[in-house]
Amino acid sequence: MKSTRWKIVRIFMHAGAVFPLAWLVLAALTQRLTFNPVQYLEQRSGDYALILLLASLACTPAAILSGIQQIRQLRRPLGLYAAGYAVIHVSLFIWLDYGGDWQTILSTINGRTTLWFGLAASILLLVLAITSICCIQFRMKVWWKRVHALVYLAAALVLTHYALTVKGNLMTLSGKILGVIVAILILAILLIIRTTTFQTLLTHLRGKIQKSDK
Amino acid sequence: MQSKREEITPEGLYFSRRKFLKLAGLVGVSAALAACGIKPTPTPEAVPLSTLQTVSSNSLMNGDTLTPYDTITNYNNFYEFSLSKEDVAEKAQNFVSHPWTISVEGLVERPMQISIDELLQQYPLEERIYRMRCVEGWSMVIPWAGFPVYKLLKDVKVKDTARFVRFATQYNHDLFPNQGSFGFAWPYTEGLRLDEANHDLTILAVGLYNKVLPAQDGAPIRLVVPWKYGFKSVKSISKIELVEEQPQTFWNEAVFNEYGFYANVNPNVPHPRWSQESERRLGEAERRPTELFNGYTEVAPLYEGMDLTVDF
């Protein structure tokens, strides 16, 4: 891709990632955050963290499918944004919802599996974000790649947190589970595209198409 | 603890007597239209109840302030219209709650089929200001207009064999567009033990803030059981059935280990999704501790000898 066009793509990526936050801040300032603003902020920041994490994980598969290798460069900034929204999400829970009352927060977390998953996911995303700082990334050498494969674990933790939080039941397919199912399907498809089996198949198919073109 | 409405912070727009007299005529008009078989336009928001007779505010606690009308009517869990609490009001605006018949049947000596208008003539309305605690961890304070369920049950003469009361919404896809969706066992059904239903706090509400109940809050008639989580208080009731066995209920059937039959507000019984130790009163910045039985401790004798962590 030409550098000017690529620049535009990058601008769109940054704008798309920052826009939801700007919109939430604006809505908060103009008091349009529904009649339960705290819960609304918590839910939306969580949604955006998940969406951006999936977008980050979609970069490599998109590069594989399209052949445009530059897309891989969006993986890191999108992952950082996802971690940023996760930090906002957790901060809202601690300071806005529970007013920094650690005793209540700890007893709340203690009884809820979903919050353990959410907490683990946030900590992992934060670790991955910090180790993405260039100098640390450089010093970690081969380890960086190994550690950062954990982003898939983070995605699984986030999805478990999401599935356990929504009001419904995945087992009986009832309630507000549509978003959860869509997210699980997207992650599954992204993982399938990354497998060597799929990529071998893809090269094989491409070869066939090229042959028939001749 | 008894306190008068004036003692708690009133909602700014709360109904003035003059306005009430001026609008009282409208109820008559819509009743007349219903009698002619003409479908009246959806209940306008500001139609007051003409039959409200006595006011008895029940056990308000310190710091309880009325939740504004706008909040009560724009933040609703009513899956028949939408899964999103913010969207229910809009989706329900064309809901027609006239004509509406309520059937009281099952183990009764005198089964009753009664229209909502007849019902309102038969049972004088009382104002009951109740806290409403949702299982999701938020709460409101709502001035309901209604009458105690025991009065209705007395008139149908409940048979000795009856032990539970089953309340159900009408199954009507035209009225409730989401019925049949999302994998739930429709119509919405809830139940109470007979002694719970007969408790003076348990009411059938037809209005709030002295106005006819808006569709999103369960028009034309709904259950209100203030010491239980909000999901027990079925909206838009059309069937009340006296039964011998504990009835199957909507949320219990969906996720049995999360929503018990009793569903008493209890900070000591944890819920896997939400903390039940504290709650957010809508409009307030800080959380407040959740009280056992939502603060209505007078119901405690109903559960004497029961392990509330088992029968949650």
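Within any chain, residue numbers begin from 1 and follow the written order of that chain's sequence. Working convention: letters from A go to chains and numbers from 1 go to ligands, in the order in which they are written. Note on the predicted model: pLDDT of at least 70 is required for a residue's local features to be given, and 80 or more for side-chain atom pairs to be given and counted; whole-chain, interface and lining totals, by contrast, use all residues. To obtain the side-chain values, all non-hydrogen atoms of the structure were included, while hydrogens and water were left out.

Undergrad: Describe in detail the interface of chain B and chain A, supporting the description with residues and values.
TA: Buried accessible area, meaning the area lost when the parts come together, often serves as the stated size of an interface. Whether two residues are in contact is decided by their heavy atoms: any pair within 4.5 Å suffices. Each partner contributes to the interface: chain B provides 30 residues, whereas chain A provides 25 residues. Both sides of the chain B and chain A interface together cover about 2200 Å² of buried area, and 47% of this is carbon and sulfur. The term buried area refers to how much accessible surface (probe radius 1.4 Å) is lost by two components on association, counted for both of them together. The three residues of chain B that bury the most area against chain A are B:Arg273, B:Arg280 and B:Arg287, which together make up 24% of that side's buried surface. Salt bridges are defined as contacts in which a side-chain nitrogen from Lys or Arg sits within 4 Å of a carboxyl oxygen from Asp or Glu. Along the contact surface separating chain B from chain A lie 3 salt bridges. As a salt-bridge pair, A:Lys167 and B:Glu136 come within 2.6 Å of each other at their nearest N and O atoms. Numbering of helices and strands runs from the N terminus, with a helix taken as a DSSP run of H or I at least four residues long and a strand as a DSSP run of E at least two residues long. Of all elements in the fold, only helix H2 (69-72), helix H7 (250-254) and strand S12 (278-281) of chain B reach the threshold of two or more residues within the side of chain B that touches chain A. Looking at the side of chain B that touches chain A, its residues break down into 14 nonpolar, 8 polar and 8 charged. For this scheme, ten residues count as nonpolar: Ala, Val, Leu, Ile, Met, Phe, Trp, Tyr, Cys and Pro. Four count as charged, namely Asp, Glu, Lys and Arg, and the remainder, Gly too, count as polar.

Undergrad: Any chance you could break down the confidence of the model for chain B for me, citing the residues and the numbers?
TA: Residue and element names in this part refer to chain B. Of all residues in chain B, 80% have pLDDT values of 70 or greater, and the mean over the chain is 85. As a per-residue quantity, pLDDT reports the predictor's confidence and falls between 0 and 100. Across residues 1-7 the pLDDT falls below 50, and counting only partners more than four positions away or on other chains, this stretch makes 11 contacts in the model. Scored below 50 in pLDDT, residues 12-46 shows 32 contacts in the model against residues more than four places distant or in partner chains. As a predicted assembly, this complex carries a pTM of 0.85 together with an ipTM value of 0.85.

Undergrad: Give a description of the packing of aromatic side chains that names residues and reports values.
TA: Each pair of aromatic rings is reported with the distance of its centres and the angle of its planes. All names here are of chain B. Pairing of aromatic side chains here covers Phe, Tyr and the six-membered ring of Trp, requires ring centres within 6.5 Å, and sorts the geometry by plane angle: under 30 degrees stacked, over 60 edge-to-face, intermediate tilted. Under the definition given, this model contains 27 aromatic pairs over all chains. Taken together, a centroid distance of 5.6 Å and an interplanar angle of 70° make the contact between Tyr-79 and Trp-251 edge-to-face. Here Tyr-79, found in the loop between H2 and helix H3 (88-91), pairs with Trp-251, found in helix H7; they are 172 residues apart in sequence, far enough to count as distant. With a 1.4 Å probe rolled over the protein chains alone, any residue whose accessible area is under 20% of its type maximum counts as buried; one over 50% counts as exposed, and the rest are partly exposed. On the accessibility criterion, Trp-251 (3% relative accessible area) is buried. Here the aromatic rings of Trp-251 and Tyr-259 are separated by 4.9 Å at their centres, their planes lie at 50°, and the arrangement is tilted. Here Trp-251 and Tyr-259 have matching classes, each one buried. Three or more aromatic residues joined by ring pairs make a cluster, and in this case those are Tyr-79, Phe-184, Trp-186, Tyr-188, Phe-231, Phe-250, Trp-251 and Tyr-259. A positively charged side chain is recorded as over a ring if its NZ (Lys) or CZ (Arg) lies within 6 Å of the ring centre. The angle to the ring normal must also be within 35 degrees. Here Lys-232 stacks its cationic end above the ring of Phe-261, 4.2 Å away from the centre of that ring. The aromatic ring of Phe-78 is capped on one face by Lys-235, whose charged end is 5.0 Å from the ring centroid.

Undergrad: Got a sec to walk through the sheet that holds strand S7 (residues 189-193) of chain B? Specific residues and values, please.
TA: All names here are of chain B. Strand order in the open sheet formed by 5 strands is S3-S2-S11-S6-S7, and the pairing between neighbours is mixed. Single-partner strands in this sheet number two, and they are strand S3 (112-115) and S7. Neighbour-to-neighbour, the strand axes of this sheet turn through a mean angle of 15°, independent of strand direction. Note on pairing: two strands pair once DSSP finds at least 2 bridges between them. By the bridge criterion, 5 bridges tie strand S6 (residues 164-169) to S7 in an arrangement that is antiparallel. Bridging across to S7, Arg-166 finds its partner in Gly-191. Here an angle of 0 to 180 degrees is reported between the N-to-C directions of two axes, which are lines fitted to C-alpha atoms, with helices fitted over the stretch in contact. Contacting strand S2 (101-106), S3, S6 and strand S11 (237-243), helix H5 (residues 149-156) crosses the sheet at an angle of about 130° to S3.

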